[in-house]
Amino acid sequence: MRWVLTGCRGQLGHALAAQLAADPASEVLAAVDLPELDVSDAPALERFFAELPAAPDVVANAAAFTHVDRCEREPEAAWRANALAPGLLAEACARRGARLVHVSTDYVFSG
């Protein structure tokens, strides 16, 4: 199974990277975070996927804006990271036949 991991430097991303590295059935094509890739930038996402050595089977999105107080002060940035970016990733995955795994919380956006 070929994987792409976004948000690889965060707590969740770091843990996922360790699990994937320990799984002999998994190949990590790319593990990225800011500043290498802004997942809320649609053209950058397209370039990123086009440059991968192979098509991913799964994209695990661990990229998020998780500092709750800053999210409240910077709603536009929170929306880009936590709403727009997952949607763009879902569209990119759909075009490539890849599955998207996205972990979220209702703590930032209720519901």
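Being a predicted model, the structure only gives us computed values, none of them experimental.

Calculation rules
- Residues numbered from 1 in each chain as written.
- Predicted model: local features only at pLDDT ≥ 70, side-chain atom pairs only at ≥ 80, totals over all residues.
- Heavy atoms only, no water.
- Pairing = 2+ DSSP bridges.
- Helix = DSSP H or I, 4+ residues; strand = E, 2+ residues; numbered from the N terminus.
- Axes fitted to C-alpha atoms, helices over the stretch in contact; angles between N-to-C directions.
- Contact = heavy atoms within 4.5 Å.
- Phe/Tyr/Trp six-rings, centres within 6.5 Å; stacked < 30°, edge-to-face > 60°.
- Buried < 20%, exposed > 50% of the residue type's maximum accessible area, 1.4 Å probe, protein only.
- Salt bridge = Lys/Arg side-chain N within 4 Å of Asp/Glu carboxyl O.
- Left-handed = near helix turned anticlockwise from the far one by under 90°.
- Nonpolar A, V, L, I, M, F, W, Y, C, P; charged D, E, K, R; others polar.
- Arc of directions from axis to C-beta.

**Q** Got a sec to walk through the sheet that holds strand S1 (residues 2-6)? Specific residues and values, please.
**A** As summarised here, the arrangement of the four strands in space is S2-S1-S3-S4, forming an open sheet in which the pairing is parallel. The two strands at the open ends of the sheet, each matched to only one other strand, are strand S2 (27-32) and strand S4 (99-102). Taken over all neighbouring pairs, the strand axes of this sheet differ in orientation by 15° on average, direction set aside. Contacts between helix H4 (residues 75-96) and the sheet are confined to S1, strand S3 (58-61) and S4, with S4 contributing the most and set at about 160° to the helix.

**Q** If you had to explain the packing of aromatic side chains to someone new, which residues and values would you point to?
**A** Tallied over the full model, the rule gives one aromatic pair. Judged by centre distance (5.4 Å) and plane angle (75°), the rings of Phe48 and Phe49 are edge-to-face. Classification of Phe49 as buried rests on a relative accessible area of 7%.

**Q** Can you lay out the pattern of salt bridges for me, pointing to particular residues and giving the numbers?
**A** Taken as a whole, this structure holds five salt bridges when the rule is applied. Across the pair Arg2 and Asp57 runs a salt bridge whose closest N-O atoms are separated by 3.7 Å. Note that Arg2 is positioned in strand S1 and Asp57 in the loop between helix H2 (42-50) and S3, a separation of 55 residues in sequence. Through salt bridges that share partners, Glu46, Arg95 and Arg96 make up one connected network.

**Q** Before we move on, can you summarise unusual backbone geometry with the specific residues and values?
**A** With omega at 10°, the peptide bond leading from Leu34 into Pro35 counts as cis. By the secondary structure assignment, Pro35 is in the loop between S2 and H2.

**Q** I'd like a description of the environment of Ala55, backed by residues and values.
**A** Its location among the elements puts Ala55 in the loop between H2 and S3. Overall, Ala55 belongs to the partly exposed group, its relative accessible area being 39%.

**Q** Quick rundown of the packing of H2 against H4? Include the residues and the values.
**A** The interhelical angle for the contact between H2 and H4, taken along N-to-C directions, is 35°, at an axis separation of 10 Å. For the crossing formed where H2 meets H4, the hand is right-handed. For the pair H2 and H4, the contacting residues are Ala42, Leu45, Glu46, Phe49 and Ala50 in the first and Leu88, Leu89, Ala92, Arg95 and Arg96 in the second. Among the residues making up the contact of H2 with H4, the classes are represented as seven nonpolar, no polar and three charged.

**Q** So, H2: which residues are in play, and what are the values?
**A** Every α-helix winds through 3.6 residues per turn, so residues three or four apart in the chain are directed the same way. For H2, the set of buried residues is Ala44, Leu45, Phe48 and Phe49. Viewed end-on, H2 has its buried residues packed into an arc of 130°, placing them on one side of the element. Every exposed residue of H2 that faces more than 90 degrees away from the buried side is listed here: Pro43 and Ala50. At its buried positions, H2 is contacted by S1, S2, S3 and H4.

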